[in-house]
Amino acid sequence: MSKNVNQPFYKAGRAYVQKLIRMRSAMIRKGVDTGLYSQPIIDELGGLLKFWPYSSNETMARFINNKSLQIMYLIPGSNCRAHDSLSKEFNSLYHKSREILKDAALC
């Protein structure tokens, strides 16, 4: 989690997904991405983030865990220079979400 290290998990997760949505939307506008599959994912994830508050670590962990495939789809391909850092950040968030859900299940 690059710049979001000092933020609570739910804020870092929201910021990361919003960053991916902005990046993929820009790629669609520029014509780099056709938007065939990514536009419905952008609409779904964007709508969920606007409608639901996800204001606790546990709810954001569930969101990241349940929507991990859609989030991974928004990460640009390996030919993009941001691919490695975005993938590392996703893996960090995903593993943290698994830890949070595991801890919540123990309680």
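Just above sits the structure.
Everything in this summary refers to the structure shown in the same document. (Residues numbered from 1 in each chain as written. Predicted model: local features only at pLDDT ≥ 70, side-chain atom pairs only at ≥ 80, totals over all residues. Heavy atoms only, no water.)

1. Quick look at the nonpolar core
In this structure, Tyr 16, Val 17, Leu 45, Phe 63 and Ile 71 are the most contacted members of the largest nonpolar core, which totals 24 residues. Elements with a minimum of two residues in this core: helix H1 (9-30), helix H2 (38-51), helix H3 (57-66), helix H4 (68-74) and helix H5 (83-106). Here this core takes 6 residues from H1, the largest share from any one element. (Core = buried A, V, L, I, M, F, W, Y, C linked by side-chain atoms within 4.5 Å. Buried < 20%, exposed > 50% of the residue type's maximum accessible area, 1.4 Å probe, protein only. Helix = DSSP H or I, 4+ residues; strand = E, 2+ residues; numbered from the N terminus.)

2. Quick look at the packing of H1 against H5
Interaxial distance between H1 and H5 falls to 11 Å at its minimum, and their mutual angle equals 145 degrees. As for the relative orientation of H1 and H5, their crossing is left-handed in sense. Listed contacts from H5 to Phe 9, Ala 12, Gly 13, Tyr 16, Lys 19, Leu 20 and Met 23 of H1 are Leu 86, Glu 89, Phe 90, Leu 93, Lys 96, Ser 97 and Ile 100. A breakdown of the residues in the contact of H1 with H5 according to their chemical character gives 9 nonpolar, 2 polar and 3 charged. (Axes fitted to C-alpha atoms, helices over the stretch in contact; angles between N-to-C directions. Left-handed = near helix turned anticlockwise from the far one by under 90°. Contact = heavy atoms within 4.5 Å. Nonpolar A, V, L, I, M, F, W, Y, C, P; charged D, E, K, R; others polar.)

3. Focus: the packing of aromatic side chains
Applying the stated criterion across every chain, the model contains 3 aromatic pairs. Aromatic pair Phe 51 and Trp 52: ring centres 4.9 Å apart, planes at 90 degrees, arrangement edge-to-face. With 4.8 Å between their ring centres and 50 degrees between their planes, Tyr 54 and Phe 63 make a pair best called tilted. Each of the two residues, Tyr 54 as well as Phe 63, counts as buried. Over the ring of Tyr 73 we find Arg 24, and its NZ or CZ is 5.9 Å from the ring centre. (Phe/Tyr/Trp six-rings, centres within 6.5 Å; stacked < 30°, edge-to-face > 60°. Lys NZ or Arg CZ within 6 Å of the ring centre and 35° of its normal.)

4. Some remarks on H1
Taking 1.5 Å as the rise per residue, H1 with 22 residues should run 32 Å; its terminal C-alpha atoms sit 32 Å apart, in good agreement. Residues of H1 that are buried include every one of Phe 9, Ala 12, Gly 13, Arg 14, Tyr 16, Val 17, Leu 20, Ile 21, Arg 24, Ser 25, Ala 26 and Met 27, and no others. Residues of H1 that are buried in the fold lie against H2, H3, H4 and H5. Positive backbone phi, at 85 degrees, marks Gly 31, one or two positions downstream of H1. (Expected span 1.5 Å × (residues − 1).)

5. Examining the environment of Asn 57
Structurally, the position occupied by Asn 57 is in helix H3. Accessibility expressed as a relative area gives 33% for Asn 57, which makes it partly exposed. Note: C-alpha distance between Asn 57 and Phe 9 (48 residues apart in sequence) is 5.6 Å.

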